[in-house]
Amino acid sequence: MKIAFFSTKPYDKDFFEKHNHSHELTFYEASLNENSVRLAEGSDAICVFVNDKVNATVIEKLAGMNVRLIALRCAGFNNVDLEAARQANIVVVRVPAYSPHAVAEHAVALILTLNRKTHKAYNRVREGNFSLEKLSGFDLFQKTVGVIGTGKIGEAFAHIMLGFGCKVLAFDIFPNQHLIDAGVQYTTIEDVLAQSDIISLHCPLTDKTLHLINDQAIAKMKNGAMLINTSRGALIDTQAVVEALKSKKLGYLGLDVYEQESNIFFNDLSEEILVDDTLARLMTFPNVLITSHQGFLTEEALTQIAVTTLNNISAFESGTKSGNEV
Ligand code: NAD
């Protein structure tokens, strides 16, 4: 199959070329949108990532070029108009699971960094400043951690936090018996918000979870709570969170995803003017840590993403089902 890859970075090319044995891959740096879609001309399939825009207009144009498959090299598919794809008879596949540990461990990295301020200590020591002033944190041991969404990533995250000796509360529309057996207590979302010292989001972005963390949800939280989002940016109403940081209701914020991240995250904009005032404001808080959607960025996850995506494409080519159809 001829496959046009959108939004590619050098690591995508490295991992896909290493594991490809039968397909013709063309890598484009451009993200997919109504204008760049023409790059797919002559391809049988496209391969896209989290911020590619796969809306009805793009899908109509893909269908006009006889593109028959959209292969997402990620788990989330909130950026694809599935109904438009179904009507255009274009199959959509994804990578439902690739090292959930990669993302879960990154959430823990955000917690540890925000808490123990290792990012500040690193800079201080390198400048010859060995003062401990304002670096104090808190023990994670016996703190209450709330997990919203206990699928593959939330489950891995809950296990790590149990290992720290935390009390782990969870909310999910489908409770996970393995976690209950391991000591996680399922409760209402209100209870998770009210009792947790740290809240970590691991549910998908859907109509029901859009702005799950808004003014009302924040009002229910403990004063000074830590909020971590490694899932999808729009789970959080960013403006509400900015206000909660200003009023000190929220004590810490760790983000690997941001509502308006497309066109910003994954790009080197160090010589550009940042026009997103909300992101600029977030970056001014000393108790906010932002990474640009790197939760998936481990050797293991990148390998699994490439292998599963190529298998999905081969299964489609041979007329069989990979089981990863959306
Ligand atoms: P998953 O499908 O295994 O788990 C999602 C869980 O959320 C399920 O248990 C589901 O029942 C639950 N859920 C659904 N709707 C809910 C709701 N309204 N309230 C509470 N829980 C709800 O998915 P996963 O592999 O664990 O991934 C979770 C999310 O992480 C993905 O949707 C994706 O957005 C994000 N993600 C981020 C990165 C990154 O690099 N930062 C990488 C991979 C995935």
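None of the values given here were measured: they were computed from a predicted structure. (Residues numbered from 1 in each chain as written. Predicted model: local features only at pLDDT ≥ 70, side-chain atom pairs only at ≥ 80, totals over all residues. Heavy atoms only, no water.)

A word on helix H2 (residues 56–64)
Taken together, the buried positions of H2 are occupied by Val58, Ile59 and Leu62. Here the buried residues of H2 occupy an arc of 100° about the axis, which is enough to place them on one side. Facing away from the buried surface of H2 by more than 90 degrees, the exposed residues are Glu60 and Gly64. Residues of H2 that are buried make contact with strand S3 (45–48), strand S4 (69–72) and helix H3 (82–87). The N-cap of H2, judged by a side-chain oxygen 3.3 Å from the amide nitrogen of threonine 57 a few residues on, is asparagine 55. Where H2 terminates, the next one or two residues include asparagine 66, which has phi positive at roughly 65°. (Buried < 20%, exposed > 50% of the residue type's maximum accessible area, 1.4 Å probe, protein only. Helix = DSSP H or I, 4+ residues; strand = E, 2+ residues; numbered from the N terminus. Arc of directions from axis to C-beta. Contact = heavy atoms within 4.5 Å. Polar contact = N/O pair within 3.5 Å; in protein donor to acceptor, adjacent residues only side chain to side chain.)

Considering the packing of aromatic side chains
Summed over all chains, the structure comprises eight aromatic pairs. With a centroid separation of 4.8 Å and an interplanar angle of 70°, the aromatic rings of phenylalanine 5 and phenylalanine 16 are classed as edge-to-face. Pair noted here: phenylalanine 5 is in strand S1 (residues 2–5) and phenylalanine 16 is in helix H1 (residues 10–19), with a separation of eleven residues, a long-range link. No difference in accessibility class separates phenylalanine 5 from phenylalanine 16, as the two residues are buried. Both rings, one in phenylalanine 6 and one in tyrosine 28, keep their centres 6.0 Å apart while their planes meet at 40°; by these two values the pair is tilted. Within this pair, whereas phenylalanine 6 is found in the loop between S1 and H1, its partner tyrosine 28 is found in the loop between strand S2 (24–27) and S3, the two being separated by 22 residues in sequence. Here tyrosine 28 falls in the partly exposed class, since its relative accessible area comes to 24%. Through a chain of ring-to-ring contacts, three or more aromatic side chains come together here, namely Tyr11, Phe49, Phe266 and Phe296. (Phe/Tyr/Trp six-rings, centres within 6.5 Å; stacked < 30°, edge-to-face > 60°.)

Here's the deal with the UniProt feature "domain: D-isomer specific 2-hydroxyacid dehydrogenase NAD-binding" (unreviewed entry) in the protein chain
Taking the numbering used here, the UniProt-annotated feature "domain: D-isomer specific 2-hydroxyacid dehydrogenase NAD-binding" (unreviewed entry) corresponds to residues 108–295. In the segment residues 108–295, helix accounts for 34% and strand for 16%; the C-alpha atoms at its two ends are 10 Å apart. (UniProt positions renumbered as here; feature names shortened; annotations may be inferred.)

Things to note about the sheet that holds strand S11 (residues 250–255)
Strand order in the open sheet made by the seven strands is S8-S7-S6-S9-S10-S11-S12, with parallel pairing throughout. Only two strands of the sheet have a single neighbouring strand rather than two, namely strand S8 (185–186) and strand S12 (288–290). Bridge count between S11 and S12: three bridges; the pairing is parallel. Paired with leucine 253 across the two strands is valine 288, which belongs to S12. Helix-sheet contacts for helix H10 (residues 238–246) involve strand S10 (225–229), S11 and S12, and the interaxial angle to S11 is about 140°. (Pairing = 2+ DSSP bridges. Axes fitted to C-alpha atoms, helices over the stretch in contact; angles between N-to-C directions.)

Some points on the environment of tyrosine 11
Along the chain, tyrosine 11 turns up in helix H1. Measuring from C-alpha to C-alpha, the distance between tyrosine 11 and leucine 302 comes to 8.2 Å, with 291 residues separating the pair along the chain. Setting aside residues no more than four positions away along its own chain, tyrosine 11 makes contact with Phe266, Phe296, Leu297 and Leu302.

Concerning the pattern of salt bridges
In the structure shown here, the tally under the stated rule is seven salt bridges. As a salt-bridge pair, glutamate 83 and arginine 86 come within 2.6 Å of each other at their nearest N and O atoms. Placement of both glutamate 83 and arginine 86 in helix H3 is noted, with a separation of three residues, approximately one turn of the helix. According to the relative accessible area criterion, arginine 86 is exposed, its value standing at 54%. (Salt bridge = Lys/Arg side-chain N within 4 Å of Asp/Glu carboxyl O.)

Some points on the site of the ligand
Within the structure, the ligand sits among 22 residues, and Tyr98, Lys152, Ile153, Asp172 and Thr230 are positioned closest to it. Measuring from an oxygen atom of the ligand, one finds a side-chain N or O atom of serine 231 at 3.4 Å. Within the side chain of aspartate 256, one N or O atom sits 3.0 Å away from a nitrogen atom of the ligand. Here the ligand, which alone exposes 870 Å², has 86% of that area covered by the protein. Partitioning the shell around the ligand into residue classes produces nine nonpolar, nine polar and four charged. (Near = heavy atom within 4 Å. Areas by Shrake-Rupley, 256 points an atom, 1.4 Å probe, with all protein chains shown as cover. Nonpolar A, V, L, I, M, F, W, Y, C, P; charged D, E, K, R; others polar.)

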